[in-house]
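Structural overview for review
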Amino acid sequence: MSIHIGAKKGEIAETVLLPGDPLRAKWIAETYLKDVKCYNKVRNMFGYTGTYKGKRISVQGTGMGVPSISIYAHELINDYNVKNLIRVGSAGSYQKSVKLRDIVIAMAASSTSGINQARFQGADFAPTANFGLFQKAIELAKEKGIEVKAGNVLTSDEFYADEFESYQKWSKFGVLCVEMETSGLYTLAAKHNVNALSLLTISDSLVTGEKTSTEERETTFSEMVEIALELGEN
Ligand code: ADE
């Protein structure tokens, strides 16, 4: 086992879906996977391996924020040889045209996290999606008749920004939405030469102040998860 994951070598598949919420990991495993085994209960950050359409796949909760997802991504890659890391999460819209329940695929992730500034000594690093996974996700969405948007997202270190801070500068520069993990995931995938992609559903809007209900979140989450599960079939 690694420090934060209790699986034995070989118990985690090459492709792993990464919801922030460990109970979402449980729900995905119970709803979509066959022959499921729970391989991790450390800190209640549940992880499962099973099969989807005959292919082995895992799903691992990551917690919230760049520090937390970075721990799980690092250990999955370095201790368990994971090659495809697919975040399935939620985000807040920064654009009028990005509506509640829309699915956004993160092509790149800007960030307020200081980790890459320290890592690159003040220079910018542009964390980007893996092109192969990105292209396949777009094709799968088309085949399924699911509309998706794609572009730059903001990975923020704060869910509750100060009242006097504004999202509008990011919005003006074309950033589609805000979440809290993608730049960390894309950076570690680049560092270790593996593949990563973030699929996000819009759960709230900074523009209109609207929020989705729990029930609505489940429906859109399902569409996104179905795209993500099929990405493992490469
Ligand atoms: N995830 C979902 N909505 C969010 C928001 N408004 N800010 C940061 N992360 C989020």
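Bear in mind that the values here come from a model prediction, so they are computed numbers and not experimental data.

**Considerations on the pattern of salt bridges**
- Tallied over the full model, the rule gives 9 salt bridges.
- Between K26 and E30 there is a salt bridge, with the nearest N and O atoms lying 3.3 Å from each other. Of this pair, K26 and E30 both sit in helix α1 (residues 22-32), 4 residues apart, which is roughly one turn of that helix.
- Given the relative accessible area of 31%, K26 is considered partly exposed.
- Residues K53 and E230 are paired through a salt bridge, measuring 2.8 Å at the closest nitrogen-oxygen approach. Of the two residues, K53 is situated in the loop between β3 (47-52) and β4 (55-60) and E230 in helix α7 (residues 214-231); the sequence distance between them amounts to 177 residues.
- Look at E230 and you get buried, because its relative accessible area is 10%.
- Three or more residues joined by partner-sharing salt bridges are found here, namely K8, E11 and K37.

**Section: the packing of aromatic side chains**
- Counting across every chain of the model gives 7 aromatic pairs.
- When the centroid spacing of 4.8 Å and the interplanar angle of 70° are considered together, the rings of F159 and Y160 count as edge-to-face.
- Judged by relative accessible area, Y160 falls into the exposed class, the value being 71%.
- Taken together, W27, Y32, Y52 and F221 form an aromatic cluster joined through their ring pairs.
- Directly above the ring of Y80 sits K9, whose terminal nitrogen or CZ lies 5.8 Å from the centroid.
- Over the aromatic face of W27 sits the side chain of R24, whose NZ or CZ is 5.9 Å from the ring centroid.

**Thoughts on the site of the ligand**
- The ligand sits among S90, A91, G92, F159, V178, E179, M180, S203, D204 and L206.
- Between a nitrogen atom of the ligand and a main-chain N or O atom of G92, the distance comes to 3.4 Å.
- D204 places a side-chain nitrogen or oxygen 2.6 Å from a nitrogen atom of the ligand.
- A total of 260 Å² of accessible area belongs to the ligand in isolation, and the protein chains cover 90% of it.
- Put simply, the ligand lies in the largest pocket.
- Of all elements in the fold, only β5 (84-93), β8 (177-179) and β9 (195-205) reach the threshold of two or more residues within the shell around the ligand.
- In terms of residue count, the dominant contributor to the shell around the ligand is β5 (3 residues).
- In the shell around the ligand, the residues fall into 5 nonpolar, 3 polar and 2 charged.

**With respect to the UniProt feature "domain: Nucleoside phosphorylase" (unreviewed entry) in the protein**
- Per the UniProt entry, the sites bearing "domain: Nucleoside phosphorylase" (unreviewed entry) are residues 16-226 in this numbering.
- Secondary structure content for residues 16-226 is 35% helix and 30% strand, and the end C-alpha separation is 13 Å.

**Quick look at the layout of surface pockets**
- Approximately 1,200 Å³ is the volume attributed to the largest pocket.
- Taken together, 41 residues form the lining of the largest pocket, with G92, F159, V178, M180 and D204 sitting closest to its centre.
- The set of elements that each furnish at least two residues to the lining of the largest pocket consists of α1, β5, β8, β9 and α7.
- With 6 residues, the single largest contributor to the lining of the largest pocket is β5.
- When its residues are assigned to classes, the lining of the largest pocket shows 15 nonpolar, 13 polar and 13 charged.
- Reported here for the second largest pocket is a volume of approximately 350 Å³.
- S110, S111, S113, N116 and F125 are the residues nearest the centre of the second largest pocket, which is lined by 21 residues in total.
- Looking at the lining of the second largest pocket, the elements with two or more residues in it are α2 (66-80), β6 (103-111), α3 (115-119) and α6 (182-191).
- Looking at the lining of the second largest pocket residue by residue, the classes come out as 9 nonpolar, 10 polar and 2 charged.

Conventions adopted
Residues numbered from 1 in each chain as written. Predicted model: local features only at pLDDT ≥ 70, side-chain atom pairs only at ≥ 80, totals over all residues. Heavy atoms only, no water. Salt bridge = Lys/Arg side-chain N within 4 Å of Asp/Glu carboxyl O. Helix = DSSP H or I, 4+ residues; strand = E, 2+ residues; numbered from the N terminus. Buried < 20%, exposed > 50% of the residue type's maximum accessible area, 1.4 Å probe, protein only. Phe/Tyr/Trp six-rings, centres within 6.5 Å; stacked < 30°, edge-to-face > 60°. Lys NZ or Arg CZ within 6 Å of the ring centre and 35° of its normal. Near = heavy atom within 4 Å. Polar contact = N/O pair within 3.5 Å; in protein donor to acceptor, adjacent residues only side chain to side chain. Areas by Shrake-Rupley, 256 points an atom, 1.4 Å probe, with all protein chains shown as cover. 1 Å grid on protein atoms, 1.4 Å probe; cavity = no way out; pocket = protein on both sides within 12 Å on 5 of 7 lines; lining within 4 Å. Sits in = over half its atoms within 2 Å of the grid points. Nonpolar A, V, L, I, M, F, W, Y, C, P; charged D, E, K, R; others polar. UniProt positions renumbered as here; feature names shortened; annotations may be inferred. Points joined across faces, edges and corners; volume = space filled by probe spheres on them.

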